[in-house]
Amino acid sequence: MVRVPQTVSELINHYSEHELGRKAFASQENHRVLTKRYIEPRWGSLQLSSIRTVDVESWLDGFDLAPASKTKIKSTFSVLYSHAIRNEWLTFNPISKVRTSSKRLREKDVLTPAEFQALVAQLSIRDRAMVLLAGSTGLRRSEFIALTWADVNTTTLEVNVLRSCVRNHFGNTKTECSRRPVPLHPLVLEALLKWREQSLYREPTDFLFPSI
């Protein structure tokens with residue numbers, strides 16, 4: 001018979017043992033870091049039923065962190081309670097009512113087409129290929145650094161996104177939708193091929209940008 005978790009620490013352990021492995025590697029790492037650094041030290045010893053929405057909200061407000069970081073901590077905490085509800089140990093998630101904001105502290109610095117062209121003109125062949133590829137495809141960093149030359153299809157003008165790399169760990173992409181070909185502009189392909197001619201790593205299984 002499964003022992004019903006009574007404290008937040010026990011719930012963290014049960015979630016880690018039975019549910020966390022279903023997540024992508026990056027999600028697993030983020031969960032471990034956030035629970036170990038923030039959630040468990042403050043709430044771990046408390047009974048699940050004793051956690052109050054306003055207390056958690058006040059606790060998050062006390063951190064000198066970006067709003068988005070506070071929201072990630074809240075989301076991680078909320079996932080734990082959702083796990084308890086799914087297992088029918090609880091009926092209410094007190095974290096779901098915690099108010100946080102994911103508003104950026106400053107606006108993104110978006111380049112105009114003229115600014116982007118001026119930037120690209122000043123870059124080396126390698127960096128030019130890198131910036132054009134990243135700027136035209138919108139790939140996640142983890143997907144970008146895992147690309148090999150075999151993933152670049154010069155016939156169909158596509159990049160096959162098949163894997164990701166997070167903290168030197170290779171695995172699946174973050175979502176299933178990410179595992180599909182991405183259109184490649186002819187000018188970007190041209191820049192990539194010029195870089196491949198100069199690169200010391202040009203075999204099909206070599207990474208496009210092995211030093212980043």
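Keep in mind it's a predicted model, so treat the numbers as computed, not measured.

**Brief notes about the sheet that holds strand β5 (residues 182–183)**
Pairing in this open sheet of three strands is antiparallel, and the strands run β1-β2-β5 from one edge to the other. The sheet terminates laterally at β1 (152–153) and β5, the two strands that pair on one side only. Where strand β2 (residues 158–159) meets β5, two bridges bridge the pair, whose relative direction is antiparallel. When the sheet's bridge partners are listed, V159 is paired in β5 with V182.

**Focus: the side chain of Q28**
If you trace the backbone, Q28 turns up in helix α2 (residues 25–43). Classification of Q28 as buried rests on a relative accessible area of 14%. Reaching out from Q28, the side chain makes a polar contact with the backbone oxygen of K23 at a distance of 2.8 Å. For Q28, the contacting residues outside a window of four places in its chain are L20, G21 and K23.

**Describing the packing of helix α1 (residues 8–18) against helix α4 (residues 67–86)**
Taken N-terminus to C-terminus, the directions of α1 and α4 make an angle of 80°; their axes are 10 Å apart at the nearest point. Taken together, the axis directions place α1 and α4 in an arrangement best described as roughly perpendicular. Taken together, the residues of α4 that come into contact with α1 (itself represented by V8, L11, I12, H14 and Y15) are F77, V79, L80, Y81, H83 and A84. A class-by-class count of the residues in the contact of α1 with α4 yields nine nonpolar, two polar and no charged.

Criteria and cut-off values
The numbering scheme is per chain: residues are counted from 1 as the chain's sequence reads. Local features are withheld for residues below a pLDDT of 70 in this predicted model, meaning they are given only at 70 or higher, and side-chain atom pairs are given and counted only at 80 or more; totals for whole chains, interfaces and linings count all residues. Excluded from the side-chain calculations are hydrogens and water; all other atoms, namely the structure's heavy atoms, are used. If DSSP finds at least two bridges between two strands, the strands pair. Secondary structure elements are defined from DSSP: runs of H or I of at least 4 residues count as helices, runs of E of at least 2 residues count as strands, and each element is numbered from the N terminus. Only protein chains enter the accessibility calculation, which uses a 1.4 Å probe. A residue is then buried if its area is under 20% of the maximum for its type, exposed if over 50%, and partly exposed in between. Definition of a polar contact: a pair of N or O atoms within 3.5 Å, with one able to donate and the other able to accept a hydrogen when the atoms are protein atoms, and with sequence-neighbouring residues admitted only if both atoms are side-chain atoms. What makes two residues a contact is simply this: any of their non-hydrogen atoms within 4.5 Å. Axes, fitted as lines to C-alpha atoms, cover a helix only where it is in contact. Angles between the N-to-C directions of the axes lie from 0 to 180 degrees. Orientation categories follow fixed angle ranges, with anything under 35 degrees roughly parallel, anything over 145 roughly antiparallel, 65 to 115 roughly perpendicular, and all other angles oblique. Each residue is assigned to one of three groups, with Ala, Val, Leu, Ile, Met, Phe, Trp, Tyr, Cys and Pro labelled nonpolar, Asp, Glu, Lys and Arg labelled charged, and all others, Gly among them, labelled polar.

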